[in-house]
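Now for the letters of each chain:
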Amino acid sequence: MNYTLRQLKTFVAVAQQGSFSQAGQAIGLSQSAVSHSIKELEAEMGVRLLDRTTREVMLTEAGQQLATRLERLLEELNTTLLDVRSYGEQRSGTVRVAASQTPSAHLMPQCLASCQQRYPDIRVILHDRVQQWVLQSVRNAEVDFGIVIGPLTDSEFDSEAILHEPFLLLCHENDALAQVDKAQWAMLAGRSMVLQDYASGSRLLVDAALQAQNVTVQVVQEIGHPATLYPMVEAGIGISILPALALPLPAGRKLKVRRLYPEIFRSLMLIKRKNRSLTPAAEAIWQEVRQQADLLTQQRTRKPAF
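It should be emphasised that the depicted structure is a prediction, and the values quoted were computed from it without experimental measurement.

### Some remarks on helix α1 (residues 5-17)
With 13 residues, α1 ought to run about 18 Å at 1.5 Å a step, and its terminal C-alpha atoms sit 18 Å apart, in line with that. Restricting attention to buried positions, one finds in α1 the residues Gln 7, Leu 8, Thr 10, Phe 11, Val 12, Ala 13 and Val 14. With its phi angle positive at about 70°, Gly 18 sits one or two positions after the end of α1.

### Remarks on empty space enclosed by the protein
Summed over all chains, the structure comprises one cavity of 30 Å³ or more. Estimated volume of the largest cavity: approximately 100 Å³. In this structure, the largest cavity is lined by 15 residues; those nearest its centre are Ser 100, Gln 101, Gln 196, Ser 200 and Gly 201. Ranked by the residues each element gives to the lining of the largest cavity, the list is headed by helix α5 (residues 101-106), at three residues.

### Concerning the nonpolar core
A general trend in soluble globular proteins is that nonpolar side chains are found buried together. Of all hydrophobic cores here, the largest spans 26 residues; its most connected members are Val 95, Phe 145, Ile 147, Ile 162, Leu 268, Ile 285 and Val 289. For this core, the leading source of residues is helix α10 (residues 280-302), giving eight residues. Dropping the residues within four chain positions of it, Phe 145 is found in contact with Val 95, Arg 96, Val 97, Ala 98, Val 138, Leu 270, Ile 271, Lys 272, Ala 282, Ile 285, Trp 286 and Val 289. With 18 residues, the next largest nonpolar core counts Leu 169, Cys 171, Leu 188 and Ile 241 among its residues.

### Thoughts on the pattern of salt bridges
Across all of its chains, the model carries 13 salt bridges by this definition. Here Glu 42 ties to Arg 52 by a salt bridge, and the two come within 3.0 Å at their closest N and O atoms. In this pair, Glu 42 sits in helix α3 (residues 31-45) while Arg 52 sits in strand β1 (residues 50-52), placing the two residues ten residues apart along the sequence. Residue classification places Glu 42 among the buried residues on the basis of a relative accessible area of 10%. Here Asp 158 and Lys 274 are joined by a salt bridge, their closest N and O atoms 3.6 Å apart. Residue Asp 158 is located in strand β6 (residues 157-172), and its partner Lys 274 is located in the loop between β12 (265-273) and α10; the two are separated by 116 residues in the primary sequence. Overlapping salt bridges, with partners in common, bring together Asp 158, Lys 272 and Lys 274 in one network.

### Here we look at the layout of surface pockets
The computed volume of the largest pocket comes to approximately 290 Å³. Around the largest pocket, the lining comprises 14 residues; the ones closest to its centre are Gln 131, Gln 132, Leu 152, Gly 201 and Leu 204. Mapped onto the lining of the largest pocket, the elements with two or more residues apiece are α7 (131-139) and α8 (203-212). When residues of the lining of the largest pocket are assigned to their parent elements, the largest contribution, three residues, is made by α7. When grouped by side-chain class, the residues that make up the lining of the largest pocket number eight nonpolar, five polar and one charged.

### Focus on the packing of α1 against helix α2 (residues 20-27)
Put simply, α1 and α2 touch, their axes get as near as 8 Å, and they point 125° apart. Judged by the inter-axis angle, α1 sits oblique to α2. At the point where α1 passes α2, the crossing takes the right-handed sense. Contacts between α1 and α2 pair Thr 10, Ala 13, Val 14 and Gln 17 from the former with Phe 20, Gln 22, Ala 23, Ala 26 and Ile 27 from the latter. Across the contact of α1 with α2, the residue classes break down as six nonpolar, three polar and no charged.

Parameters at a glance
Residues numbered from 1 in each chain as written. Predicted model: local features only at pLDDT ≥ 70, side-chain atom pairs only at ≥ 80, totals over all residues. Heavy atoms only, no water. Helix = DSSP H or I, 4+ residues; strand = E, 2+ residues; numbered from the N terminus. Expected span 1.5 Å × (residues − 1). Buried < 20%, exposed > 50% of the residue type's maximum accessible area, 1.4 Å probe, protein only. 1 Å grid on protein atoms, 1.4 Å probe; cavity = no way out; pocket = protein on both sides within 12 Å on 5 of 7 lines; lining within 4 Å. Points joined across faces, edges and corners; volume = space filled by probe spheres on them. Core = buried A, V, L, I, M, F, W, Y, C linked by side-chain atoms within 4.5 Å. Contact = heavy atoms within 4.5 Å. Salt bridge = Lys/Arg side-chain N within 4 Å of Asp/Glu carboxyl O. Nonpolar A, V, L, I, M, F, W, Y, C, P; charged D, E, K, R; others polar. Axes fitted to C-alpha atoms, helices over the stretch in contact; angles between N-to-C directions. Parallel < 35°, antiparallel > 145°, perpendicular 65-115°, else oblique. Left-handed = near helix turned anticlockwise from the far one by under 90°.

What is shown is where atoms sit, not what they do.
Take a look at the structure:
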């Protein structure tokens, strides 16, 4: 059976109004369109629903049975559709976000503050973890979405790049490289370096950049938390490479940052489970993170920090 919702609504309107013309006015159709719709419905059902005379329209017994049940069903359908629409507009609930350490420290605070103002009925819980944990938590649906370092080669996620930033040189202010206007990757050859370990999303990218530039360095320390880079470099243990998102440097440190040429970039990416929709609340927070990343890019364009 191939009935349309329009045919059923038209029939109910005729049953309620007792007239093709009045039914048409109630639902915004012409009298001829109403008559045509009723004829199509009767032909599809194989039963006469209305008795028509020149003066009135009356329900047949079959039409009376259909109208009685259909009014209730259409009312329930309309209520259901309104409930779903209300859910689609909902901006409340709890949203769980997992982010690797640098985005957690340098992007998410602004996002969380903005979300509190714009969406007071949404509670955002941030999980500050290493990249592999973030990937696994998104994969296992333990969080709504994640923020990781890219590019990613994993095709099991839906992803969106929201920020592109260069890797930078970090050194002591007395280091010879601190006096160079345009530091080259080649200048790092043979130097002692303090780098983040492989739990970081950036480490493989740094290794790839050094290899691409044919630069061999001596990694003397591998640390877990990016904040540990600053005292290590300040103490003269080695120089380091950090992403632009890690700026500004902690106040009072005897450190300098220099651009590295040729510039090599990493991406900050939003990820969620593939082919899975976010809740309305999670979608709102996803867009807020994206917007804050755009604002950060604009600020750097106007006032470069390195």
